[in-house]
Amino acid sequence: PMEENWDAIVIGSGIGGLSAAGLLAAVGGKRVLVLEKHSEPGGLTHVFRRDGASWDVGVHYVGELEEGSMIRSCFDFLSGGQLHWNRMTDEFERFIYPGLSFSVPSDPHKYLERLIERFPDEAKALRQYFRDIRSAQRWSVLGFAQGFMPPFLGFMVRQYQKLTGSMATQTTASYLNRHFRSPLLRALLASQWGDYGVPPSQSAFAIHAQIVGHYLHGAWFPEGGSSRIARTFERGIESRGGTVRVCQEVTSILTRDGAATGVKVIDRRGTEPRELTVHAPVIISNAGAWNTYERLLPTEGEIGDRTQAMRTLIKQLDGGVSCVTLYIRLKASAAALGVKGENYWINTTTDHDDLAQQNADMFDGHPSHIYLSFPSAKSGDERFHTAEIVGFLGDQAFARWKERPKGNRGKDYSDLKDRIGKGLLDLAETALPGLSAMVAYMELATPLTMEHYTSHPRGRFYGIPATPARYKAAPLGPRTPIRGLFLSGSDAGCLGIAGAMMGGVGAATQALGSRGFPLFQAALRSGATAPSRSNLPLEKRRAVLISKKALTPSIWSLQFRLEQPVDFVPGQFARIRVGEWEWRDYSIAAVDGCGVTFLISNRTGGHGSAFVDSVRPGEQTEIELPLGSYALVRNTHRKVFIATGTGLAPYLPMFQQLKREGAAGNAELYFGCRTQAEDITANFADCLPMTTCCISREEPGASGFKGRVTEAAALLQFDPQTTDFYLCGSAAMVADCQSILERAGAIHLHLEAY
């Protein structure tokens, strides 16, 4: 249907959106539709995978998760008690500067003692600092609590805060400079500024206090990785008749008579994008305040007049940073380097505030400040070993590449990413000698990556920056000037996972009216109950395995039967539930009515591998499809397809499409494998175009190529203007081929990394 009706609509499936949706469903009994632009739910709690390994894009650690705490109770309730946490090692942070390596314990008294031991002349100021941290943290929480209060009471609290906020609303640098003589100590205490995304000279002491206070008793990380957050929250929403629908780009919020009534959304799941109108009396935007007021709502007419003050405030609160992140797969556990799962903040200077110099240093391959963590060590999954290195920089640093297509931004962009990645790794090596030698694979994400997947303007993933001006202004909060419309997430609450979740709580309780907060409190007291799996939304289809065939020792062909016929674009993928909370993405290799076929490898040893090994014909699971935008470009160009392993899968229906259109003569395939036993192309000889099998570890057949597929790619002669390249397979192969082809002048590159 082109129109739908729901009790409530949530825009965005980040932690704030899912929290709001979960509470509206569980506490308010609402049927809630969550609309997510990305193909993966979770916002900055989602993970991405390469060759079985996974990385957490936004969750690095969470504080204040002691049993019985408000944050823990919210997580337990919204996950139905199904989300479990690993406590990080006692010394969970390490601050590193030239000549100093300082470990932070999970105890504020020990932390203070350790600081005084290192800086005895500053003992009095340090004791006062810990008192001021608690005081400013309480002041900040009181400000946030206004979002739960009736307007009159909120006004009274705001007046009180204006009288008592001089310490909290000064800059972090101002506080530190006034209280401490040692530049090294001032820098050390500000080491975690990357956790709130505004350097000391620009950040409010209030946010510094909130973050420091948040971690005074240590930190936790989701067992099994941060994707468990969205998956456990999602089940509660589904069990009450709601759904989290991915590949949904909300283009506008609809209003009538000054009230929000629905949204316009482009549904990108099917063969062609289609615009839907979805109606609900309650709309919660988790897309951020700027996107909500500037992009989704009209800026003219009655609505524009109502939101003018909010838009003016948001423009005044401009600023903040973005980041680059280097995702690394390690050959072995970081425990070999003495790592116990702690975070490292590594600095070459005590100056945190010169962002222009930090940008220049980063681009030059010599970063001055980085954050290093080890997701696999924190999640408890030792099958794969991973690391992440984050470097913060100004949000305009990558503006010149913004208009170029994702995955094909040009050789200069790729070269810059290589230089930045090497620089990040080199600095991490100074703190952990031997790390570089353990790297098996790495790839870099930039602010453009962040903006593409999360819609945060200029990649500023923390949203409205936590400057003194933000804390001096009336809080944005969950209420808006539009009836029926509420804000959730960090802009409505506070920065970080916990703050964004509480922003969602505020939005849901306000949407439920005067009874909202008492109902929420009663729900927390009643405790968590595991949600039922009896309700399955239309987006997820029950599927029965009807055949399973080994193509090579490690690659299987699995065919499932669904209850309705499948319609898709060649190149798209499906998401298959391979465990209780685990879903994996696989390209669609073939469709025959209600039957859909996948090529799945068990080589990596992850959850997908275990599923392939154990599943038997007749067993049932769930499949979500079709997803993704990887597809043929319609033109008369020469088309060169390069694949390894199951990367062949999306090409099979593409080849069928080309054959139907009489264009197969323009296509050629280069398939890479180690041995002839691993060559799966013989299973599909009838549908393949001209094929070269590249075998690296033994002699190929008569028409084969001896060597890696990357070596064959390096020998290709082509016209850059009229040659399209399609790359699919192992992430390392795709990255290497992209680099080789870009250096050779290729400009039409279409990538799908596994």
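Conventions adopted
- The numbering scheme is per chain: residues are counted from 1 as the chain's sequence reads.
- In view of the model being predicted, local features appear only for residues whose pLDDT reaches at least 70, and side-chain atom pairs are presented and counted only at 80 or more, with totals across whole chains, interfaces and linings using the full set of residues.
- Side-chain metrics in this entry use all non-hydrogen atoms of the structure; hydrogen atoms and water are not considered.
- Helix numbers and strand numbers start at the N terminus; a helix is a DSSP run of H or I with at least 4 residues, a strand a run of E with at least 2.
- As a reference, a globule follows 2.2 Å times the number of residues to the power 0.38, and the radius of gyration itself is taken over C-alpha atoms.
- Whether a residue is buried, partly exposed or exposed follows from its accessible area with a 1.4 Å probe, protein chains only, as a fraction of its type maximum: under 20%, in between, or over 50%, in that order.
- Whether two residues are in contact is decided by their heavy atoms: any pair within 4.5 Å suffices.
- Shrake-Rupley sampling with a 1.4 Å probe provides the accessible areas, and residues are treated as covered by the protein chains on show and by no other component.
- Any residue with an atom within 4 Å of a point lines the site, the site being either a cavity, points on a 1 Å grid over the protein atoms alone where a 1.4 Å probe fits but cannot get out, or a pocket, an open set with protein on both sides within 12 Å along at least 5 of 7 lines.
- Grid points are joined across faces, edges and corners, and a volume is the space filled by probe spheres set on the points.
- Side-chain classes follow a simple rule in which Ala, Val, Leu, Ile, Met, Phe, Trp, Tyr, Cys and Pro form the nonpolar group, Asp, Glu, Lys and Arg form the charged group, and the remainder, Gly included, forms the polar group.
- We treat two strands as partners when DSSP finds at least two bridges between them.
- Lines are fitted to the C-alpha atoms to define the axes, a helix being fitted only along its stretch in contact, and any angle between axes, read from their N-to-C directions, falls within 0 to 180 degrees.
- Just so you know how the angles are binned, under 35 degrees is roughly parallel, over 145 roughly antiparallel, 65 to 115 roughly perpendicular, and the rest oblique.
- If you view the pair so one helix is near and one far, a crossing is left-handed when the near helix is turned anticlockwise from the far one by less than a right angle, and right-handed when it is turned clockwise.
- Take the residue count of a helix, subtract one, and multiply by 1.5 Å to get its expected span.
- Throughout this description, a polar contact denotes any pair of N or O atoms lying within 3.5 Å of each other; where both atoms belong to protein, one of them has to be capable of donating a hydrogen while the other can accept it, and for residues adjacent in sequence the pair is counted only when both atoms sit in side chains.

Draft legend 1. Summary view of the overall build of the chain. Helix and strand counts for the chain come out as 22 helices and 32 strands. Computed over the C-alpha atoms, the radius of gyration of the chain is 26 Å, within 12% of the 27 Å expected from 2.2 N^0.38 for a compact globule of 754 residues. Here the C-alpha coordinates of the chain stretch approximately 80 × 60 × 45 Å along the principal axes. Within the span of the chain, comprising 754 residues, buried residues form 60% of the whole. Excluding contacts between residues fewer than 6 apart, the proportion of contacts in the chain whose partners are at least 24 apart in sequence is 71%. Carbon and sulfur atoms provide 50% of the accessible area of the chain, an area that totals close to 28,900 Å².

Draft legend 2. Layout of the side chain of R231. You can see R231 is positioned in helix 9 (residues 227–239). Residues in contact with R231, not counting those within four places in the same chain, are E40, P41, K540, R575, W581 and W583.

Draft legend 3. Structural context of empty space enclosed by the protein. If you walk through the whole model with that rule in mind, you get eight cavities of 30 Å³ or more. Put simply, the largest cavity is a space of about 100 Å³. In this structure, the largest cavity is lined by A287, G288, A289, W290, N291, H456, P457, R460, G463, I464 and D491. Split by residue class, the lining of the largest cavity holds five nonpolar, four polar and two charged. Lining the second largest cavity we find 13 residues, and of these W193, W345, H369, I370 and F392 sit closest to its centre. Those elements that place two or more of their residues in the lining of the second largest cavity are strand 16 (343–347), strand 17 (369–373) and strand 18 (385–394). Partitioning the lining of the second largest cavity into residue classes produces seven nonpolar, six polar and no charged.

Draft legend 4. Looking closely at the sheet that holds strand 8 (residues 100–104). The mixed open sheet is built from seven strands, whose spatial order is 8-7-16-17-18-15-19. Strands with a single pairing partner mark the edges of an open sheet, and in this sheet they are strand 8 and strand 19 (439–445). When the angles between neighbouring strand axes are averaged without regard to direction, this sheet yields 20°. Bridge analysis of strand 16 against strand 17 gives four bridges, and the strand direction is antiparallel. Within the sheet, the bridge partner assigned to N347 lies in strand 17 and is H369.

Draft legend 5. Summary view of the packing of helix 3 (residues 108–118) against helix 4 (residues 123–145). Contact pair helix 3 / helix 4: the axes reach a minimum separation of 9 Å and the direction vectors enclose 150°. Of the possible angle classes, the one that applies to helix 3 and helix 4 is roughly antiparallel. Our pair here, helix 3 against helix 4, has a crossing hand that is right-handed. Within the contact between the two elements, helix 3 uses P108, Y111, L112, L115 and I116 and helix 4 uses A123, L126, R127, F130 and R134.

Draft legend 6. Seen up close, the pairing of strand 17. Taking burial as the measure, the five residues of strand 17 include five buried ones, the bulk of the element. Of the two faces of strand 17, both are covered, the one formed by H369, Y371 and S373 as well as the one formed by I370 and L372. Pairing of strand 17 with strand 18, which is carried by three bridges, proceeds in the antiparallel orientation. Directly across from S373, in strand 18, lies its bridge partner E388.

Draft legend 7. Representation of helix 17 (residues 496–511) within the structure. Helix length check: helix 17, at 16 residues, gives a terminal C-alpha distance of 22 Å against a target of 22 Å (1.5 Å per residue), a fit within 8%. With respect to burial, helix 17 is a largely interior element, 15 of its 16 residues being buried. Remark: G513 follows helix 17 within two positions and exhibits a positive phi of approximately 80°.

Draft legend 8. The arrangement of the pairing of strand 25 (residues 595–601) in detail. With six of seven residues buried, strand 25 is to be regarded as a mostly interior element. Bridging between strand 22 (residues 555–562) and strand 25 involves seven bridges; their strand directions are antiparallel. Following the sheet pairing, I555 is matched in strand 25 by S601. Relative to strand 25, strand 24 (residues 583–592) runs antiparallel, the two sharing four bridges. Residue pairing across strands places A590 opposite T597, the latter belonging to strand 25.

Draft legend 9. Inspection of the side chain of N347 at higher detail. Summarising the element assignment, N347 is placed in strand 16. Engagement of the side chain of N347 in a polar contact is seen with the backbone oxygen of W345, the distance being 3.3 Å. The residues touching N347, leaving out its near neighbours within four places in the chain, are I96, Y97, P98, H352, S368 and H369.

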